[in-house]
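Examination of the molecular architecture
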Amino acid sequence: MEKRITTPLTDEVIEDLRAGDKVLITGYIYTARDAAHKRMVESLNRGEPLPVDLKGQIIYYVGPTPPKEGQVIGSAGPTTAIRMDRYVEPLLKLGLKGMIGKGYRSPQVKELLKKYKAVYFAAVGGVATLLQRHIKSSELIAYEDLGTEAIRRLYVEDFPVIVANDIYGGDLFEEGRKRYARIDI
């Protein structure tokens, strides 16, 4: 069974999510990759405000390709999440509640998710065209000079993800490894 959630996220929504849950997200989410994360944290370090209020929001680690004629967005598959790990805490302090990417997170980020009540969702890599169908609008928000890595606000409907890390220490990747380690081949 899939859980349906709507942005912005609240603590109550986060508390109901467990590693392994299939989730469909509807609402606004923001895109940001390495360069945008670096710029946001540098701005915070200088005492400057961010171009977006992150309270209750989700950041999707994606650098979508330009759309073809008639499309809202181009290919929009997730990028590897661990590259953003060094930038996570300052954004969680501002109220970020969710991140979407592919691959595992560092032990430090898993602890931060518990501390700040946030979750990490995994999106399936390699199915960018399928994910693209769930994105209904795309608006450039900041850092246009970064091209595909600029911050965009996307409106998504039933965007499919899986809870990879929850606030209880659940880790879909570790649980999967343990389960298959018991199989005799």
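An account of the accompanying structure is given in this report. (Residues numbered from 1 in each chain as written. Predicted model: local features only at pLDDT ≥ 70, side-chain atom pairs only at ≥ 80, totals over all residues. Heavy atoms only, no water.)

What about the nonpolar core?
In globular proteins that are soluble, nonpolar side chains generally tend to be buried together. Ranked by internal contacts, the top residues of the largest apolar core, which has 27 residues, are Met40, Ile59, Leu92, Met99 and Ile151. Broken down by element, the residue count for this core peaks at four residues, all from helix 4 (residues 107–116). Beyond its immediate stretch of four places on either side in the chain, Met99 contacts Ile58, Ile59, Tyr61, Val88, Leu92, Arg105, Leu113, Val119, Tyr120 and Phe121. Membership of the second largest hydrophobic core comes to 24 residues, among which are Ile5, Val23, Ala76 and Ile167. (Core = buried A, V, L, I, M, F, W, Y, C linked by side-chain atoms within 4.5 Å. Buried < 20%, exposed > 50% of the residue type's maximum accessible area, 1.4 Å probe, protein only. Helix = DSSP H or I, 4+ residues; strand = E, 2+ residues; numbered from the N terminus. Contact = heavy atoms within 4.5 Å.)

Regarding unusual backbone geometry
Look at the link from Thr7 to Pro8: it is a cis peptide, with omega at 0°. Within the secondary structure layout, Pro8 lies in the loop between strand 1 (2–6) and helix 1 (11–15). A positive phi angle is found at Tyr143, which is not glycine, with a value near 65°. Relative to the helices and strands, Tyr143 is located in the loop between strand 6 (135–142) and strand 7 (151–165). Taking the relative accessible area as the measure of exposure, Tyr143 reaches 14% and is therefore buried.

Considering the packing of aromatic side chains
Two descriptors summarise a pair of aromatic rings, namely the distance from one centre to the other and the angle between the planes of the rings. For the structure shown, the criterion picks out two aromatic pairs. Ring centres of Tyr28 and Tyr155 lie 5.0 Å apart, and the angle between their planes is 70°; on these two criteria the pair is classed as edge-to-face. On the criterion of sequence distance, the pair formed by Tyr28 in strand 2 (residues 22–31) and Tyr155 in strand 7 is long-range, its members being 127 residues apart. Assessed through its relative accessible area of 34%, Tyr28 is described here as partly exposed. Assessed through its relative accessible area of 25%, Tyr155 is described here as partly exposed. Measuring from ring centre to ring centre gives 5.3 Å for Tyr60 and Phe159, while their planes differ by 70°; the resulting arrangement is edge-to-face. Taken together, the residues Tyr60 in strand 3 (residues 58–60) and Phe159 in strand 7 connect sequence positions 99 residues apart. Phe159 shares its class with Tyr60; the two are buried. Geometry around Tyr120 places Arg105 over its ring, the cationic atom sitting 4.8 Å from the centre. (Phe/Tyr/Trp six-rings, centres within 6.5 Å; stacked < 30°, edge-to-face > 60°. Lys NZ or Arg CZ within 6 Å of the ring centre and 35° of its normal.)

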